[in-house]
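Descriptive structure summary
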Amino acid sequence: TIVVAFLVRNNRLNNYEADTALGMALISVDKRDFTTATFQLENIINDFESTSSSDIASYYLGKIHYNNNDMGKARKYIGKYLNSSSKNILHEAASKIMADISFRENDLLSALDFIDLSLRNCNSLFNCRSLELKKAFYLIENGDLSAASELLLNLKDQKNIDPGQKKIVEELIGKLSS
């Protein structure tokens with residue numbers, strides 16, 4: 001029991017240190033100091049590999065690389081996040097990034113797959129609608145206008161849709177008409 005107590009205590013300390021390091025890295029992200037943030041996030045991933053902080057660090061590091069148009073590294077880190085046990089917290093955002101990377105690589109079917117996978121696990125109405133809008137966009141780009149139209153008309157008929165999302169629905173319906 002002494003060994004178990006020691007391991008539990010060390011695990012708590014490790015999680016605390018990882019959470020603290022992640023907090024500091026996110027402050028660097030917030031300050032737009034991406035060089036420092038990248039270094040801090042890489043250290044969290046390497047030093048605290050089996051923690052939820054490491055998983056979340058993978059997401060943010062992937063997002064930094066995505067924003068810098070380094071799609072290879074973005075795919076690596078966002079993919080690592082999506083394969084982690086912590087993926088629920090930023091799942092929709094990570095899936096949209098992976099879908100966009102696939103879209104930029106002219107792989108529309110993979111983009112749709114990322115969106116569909118995320119929709120299966122979506123539990124926030126706002127996020128689900130956002131994913132459906134992204135899916136409608138990809139369907140239009142893929143030439144599947146009837147599926148896009150059906151999805152958009154379904155979204156348009158929903159009550160309490162966010163005004164920003166309603167505007168996107170209308171813009172995409174307009175894109176279908178042209």
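Throughout what follows, the structure given in this document is the object of discussion. Because the structure is a prediction, the values reported are computed rather than measured.

Rules used in this analysis
- Residues numbered from 1 in each chain as written.
- Predicted model: local features only at pLDDT ≥ 70, side-chain atom pairs only at ≥ 80, totals over all residues.
- Heavy atoms only, no water.
- Helix = DSSP H or I, 4+ residues; strand = E, 2+ residues; numbered from the N terminus.
- Buried < 20%, exposed > 50% of the residue type's maximum accessible area, 1.4 Å probe, protein only.
- Lys, Arg positive; Asp, Glu negative; His and termini not counted.
- Salt bridge = Lys/Arg side-chain N within 4 Å of Asp/Glu carboxyl O.
- Contact = heavy atoms within 4.5 Å.
- Disulfide = S-S within 2.5 Å.
- Core = buried A, V, L, I, M, F, W, Y, C linked by side-chain atoms within 4.5 Å.
- Phe/Tyr/Trp six-rings, centres within 6.5 Å; stacked < 30°, edge-to-face > 60°.
- Axes fitted to C-alpha atoms, helices over the stretch in contact; angles between N-to-C directions.
- Left-handed = near helix turned anticlockwise from the far one by under 90°.

In this section: the side chain of aspartate 55. By secondary structure assignment, the location of aspartate 55 is in helix 3 (residues 52-67). The buried charged residue aspartate 55 lacks any salt bridge partner; its closest oppositely charged side chain belongs to lysine 80, at an N-O distance of 6.5 Å. Filtering out sequence-adjacent residues up to four positions away, aspartate 55 remains in contact with Tyr81, Ser84, Ser85 and Ser86.

As a further point, take the state of the cysteines. By definition, a disulfide is the covalent link that joins the sulfur atoms of two cysteine residues. Enumeration according to the criterion identifies one disulfide in this entry. Here cysteine 122 connects covalently by a disulfide to cysteine 128, the sulfurs 2.2 Å from one another. Measuring the twist about the S-S bond at about -125°, one finds the cysteine 122-cysteine 128 disulfide to be left-handed.

What follows covers the nonpolar core. Ranked by size, the top nonpolar core spans 26 residues in total, and within it Leu41, Ile44, Tyr59, Ile78 and Ile101 carry the most contacts. Listing elements by their share of this core, those giving two or more residues are helix 1 (2-30), helix 2 (34-47), helix 3, helix 4 (71-82) and helix 5 (91-104). If near-sequence neighbours (up to four positions away) are discounted, tyrosine 59 is found in contact with Tyr77, Ile78, Tyr81, Leu90, Ala93, Ala94 and Ile97. Ala99, Cys122, Leu131 and Ala136 belong to the second-largest nonpolar core, a separate cluster that totals 21 residues.

So, on to the packing of aromatic side chains. All told, the structure shown has five aromatic pairs when counted by the stated rule. Ring centres 5.1 Å apart and planes at 85° place the aromatic pair tyrosine 59 and tyrosine 60 in the edge-to-face group. Residue tyrosine 60 is classed as partly exposed on the basis of its relative accessible area of 22%. One aromatic cluster in this structure is built from Tyr59, Tyr60 and Tyr81.

Attention now moves to the pattern of salt bridges. Scanning the model with the defined rule gives five salt bridges in all. The closest approach of N and O atoms between aspartate 100 and arginine 104, which form a salt bridge, is 2.9 Å. Note that aspartate 100 and arginine 104 are positioned in helix 5 at a spacing of four residues, about one turn of the helix. Aspartate 100 sits in the buried class, given a relative accessible area of 11%. With a shortest N-O distance of 2.8 Å, glutamate 141 and lysine 175 are connected by a salt bridge. Placement of glutamate 141 in helix 7 (residues 125-141) and of lysine 175 in helix 9 (residues 163-177) is noted, with a sequence separation of 34 residues between them. Using a relative accessible area of 33% as the deciding quantity, one classes lysine 175 as partly exposed.

This brings us to the packing of helix 3 against helix 5. At a minimum axis distance of 11 Å, the contact between helix 3 and helix 5 shows a crossing angle of 35°. The crossing of helix 3 and helix 5 is left-handed. On helix 5, the residues touching Tyr59, Lys63 and Tyr66 of helix 3 are Ala93, Ala94, Ile97, Asp100, Ile101 and Arg104.

Turning to unusual backbone geometry, a few remarks are in order. What is expected of a backbone is that most residues other than glycine have negative phi and most peptide bonds are trans. Here arginine 32, not a glycine, exhibits a phi torsion of approximately 65°, which is positive. For arginine 32, the position within the fold is in the loop between helix 1 and helix 2. Positive phi, close to 60°, is recorded for asparagine 160, a residue that is not glycine. Among the secondary structure elements, asparagine 160 is positioned in the loop between helix 8 (145-156) and helix 9. A residue is classified by how much of its surface remains accessible, and asparagine 160, at 75% relative accessible area, is exposed.

Distances and angles like these do not, on their own, reveal function.
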